[in-house]
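These are the residues of each chain, in order.
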Amino acid sequence: MEIKHIVLRHLKMKLLQPFTTSLGTELDKDFILVEIKSKQGISGWAESVASINPLYKEETVKTNWHVMEDFLIPLLFQKAIEHPDEVTERFKHIRGNYMAKSALEGAMWDLYAKEQGIPLAKALGGIKEKIDVGISIGIQDSVGQLLRLVDENVTKGYKRIKVKIQPGWDVDVIREIRRHFPNIQLMADANSAYTLQDLEQLAALDEFNLMMIEQPIAHDDIIDHAVLQARLKTPICLDESIHSVDDVRKAMQLGSCKVINIKIGRVGGLTEAKKIHDLCAEHQIPVWCGGMLEAGIGRAHNIAITTLPNFIMPGDTAASSHYWSEDIIDPEVTVENGVITVPTAPGIGYEPNRERIAERTLYSKYYQA
Ligand SMILES: O=C(O)CCC(=O)c1ccccc1C(=O)O
Ligand SMILES: [Mg+2]
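Computed from a prediction, not measured in an experiment: that's the story for all the values here.

Moving on, we get to the coordination of the magnesium ion (ligand 2). In this structure, Asp 189 (OD), Glu 214 (OE) and Asp 239 (OD) serve as the protein donors to the magnesium ion (ligand 2), at separations of 2.1 to 2.3 Å. Within one chain, the residues donating to the magnesium ion (ligand 2) are spaced in sequence as D-x24-E-x24-D. Within this pair, whereas Glu 214 is found in strand S8 (residues 213-214), its partner Asp 239 is found in the loop between strand S9 (236-238) and helix H9 (245-254), the two being separated by 25 residues in sequence. Overall, Asp 239 belongs to the buried group, its relative accessible area being 0%.

Right, dumping it as structure tokens:
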């Protein structure tokens, strides 16, 4: 792959509904869109999942821009890259900054697949033509409102319902959902809202047959999670705590979880995501693809990685229309009865819509190789 230039764009998109978690409420989505153009005129695309505030993880739009501009892009320009796996190697000595690395690496993967003339899913070793998806529902003003949303999305066919929980919005809420929907695949995500002090409250969730509870305690912990998992029947799924295949190995060794949420951005890219997938498959740990309220290009990357065989559980990759009045790709991501048909065109398989991208761009900058 021969890079001609890289374009970074800061986009802002209005969410159709506010998204509330234990971390706060999101009304808009700010993100960096990466376009890497080759000398042959092909563009590889990816989104960074870093948001405007350092609430979910430390990275933000601004820190990503700084790290990409001052460190990662110069490294990409240093010498040619034959295969996207080399990007991870090239970035290895730069600590952390997973989302920044992942956005550039993902654009290189898209470019690579397009140069090969194959779908990104295939380039990654994916095998599924269709993927099952679920939906993530934020904290609501009332239980009645939440029940209406669960009903709406179960009716649409989503294969698994995830609800956000926090102290004061947990056991009673889950009990109500179960009373109305005894048989749905249901799970809860706490985004680190609890500590080991809340053991009783978390153990009270055991009677509701949840598929899993996601990241109940600290964002940087795998030790207390192991203590907690030993006391819970409900499987723990780690999200925030996992940045690498080594993190997963250690979490498995300690017994910190039974399921892994793979987010491409959180683990530094598709190459690392694949490694995590493979290690989990080897140890019969199911994985699923998390979401970060991505626009269409990030969504397309999530769809591609989900085609790998050990993505056994439905992911958070809902339809474009769940988030946006208009997405930035053609066609939009659509979900039929909880299933997405994986695109077969080369690369991410959806066409970025330059007009809509320009309308949503607050700032952009070119970097010449
Ligand atoms: O619909 C989605 O993209 C998933 C939404 C979601 O749960 C989420 C969104 C933003 C940040 C963190 C999380 C999470 O999985 O914890
Ligand atoms: Mg989560």
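Here the focus is the domain arrangement of the chain. Looking at the chain, the domain boundaries give domain 1 (3-117 + 353-368) and domain 2 (122-341). The centre of domain 1, based on its C-alpha atoms, is set 23 Å off from the matching centre of domain 2. Contacts between the two partners involve 40 residues from domain 1 and, on the opposite side, 43 residues from domain 2. The junction of domain 1 with domain 2 conceals about 3500 Å² of combined surface from both sides, 62% of it contributed by carbon and sulfur atoms. Where domain 1 touches domain 2, the interface holds three salt bridges. Measuring nitrogen to oxygen at the nearest pair gives 3.2 Å for the salt bridge that ties Arg 360 to Glu 326.

Here we take up the side chain of Glu 59. Considering the arrangement of structural elements, one finds Glu 59 in the loop between strand S3 (43-47) and helix H1 (61-78). It is Lys 57 that comes nearest to the buried, bridge-free Glu 59 among opposite-charge side chains, at 8.2 Å. A polar contact is formed between the side chain of Glu 59 and the backbone nitrogen of Tyr 98, at a distance of 3.0 Å. In terms of polar contacts, Glu 59 uses its side chain to reach the backbone amide nitrogen of Ala 100, at 3.1 Å. Not counting chain neighbours up to four residues away, the residues in contact with Glu 59 comprise Ala 50, Ser 51, Asn 53, Pro 54, Asn 64, Asn 97, Tyr 98, Met 99 and Ala 100.

Turning next to the pattern of salt bridges. According to the stated counting rule, one finds 22 salt bridges in the structure shown. As a salt-bridge pair, Lys 365 and Glu 69 come within 3.1 Å of each other at their nearest N and O atoms. Taken as a pair, Lys 365 in strand S15 (residues 361-368) and Glu 69 in helix H1 lie far apart in primary sequence, 296 residues in all. A salt bridge links Glu 326 to Arg 356; the nearest nitrogen and oxygen atoms lie 3.7 Å apart. With Glu 326 in the loop between helix H12 (320-323) and strand S12 (329-330) and Arg 356 in helix H13 (residues 354-359), the pair connects residues that are 30 residues apart, well separated along the chain. Under the relative-accessibility criterion, Glu 326 is labelled partly exposed at 37%. Taken together, the shared-partner salt bridges in this structure form one network comprising Arg 160, Lys 162, Lys 164, Asp 189, Glu 214 and Asp 316.

Quick notes on the rules
Residues numbered from 1 in each chain as written. Chains lettered and ligands numbered in written order. Predicted model: local features only at pLDDT ≥ 70, side-chain atom pairs only at ≥ 80, totals over all residues. Heavy atoms only, no water. Donors = N, O, S within 2.8 Å, 3.2 Å for Na, K, Ca; no water. Helix = DSSP H or I, 4+ residues; strand = E, 2+ residues; numbered from the N terminus. Buried < 20%, exposed > 50% of the residue type's maximum accessible area, 1.4 Å probe, protein only. Domains from an automatic or database assignment. Contact = heavy atoms within 4.5 Å. Buried area = accessible area lost by both parts, 1.4 Å probe. Salt bridge = Lys/Arg side-chain N within 4 Å of Asp/Glu carboxyl O. Lys, Arg positive; Asp, Glu negative; His and termini not counted. Polar contact = N/O pair within 3.5 Å; in protein donor to acceptor, adjacent residues only side chain to side chain.

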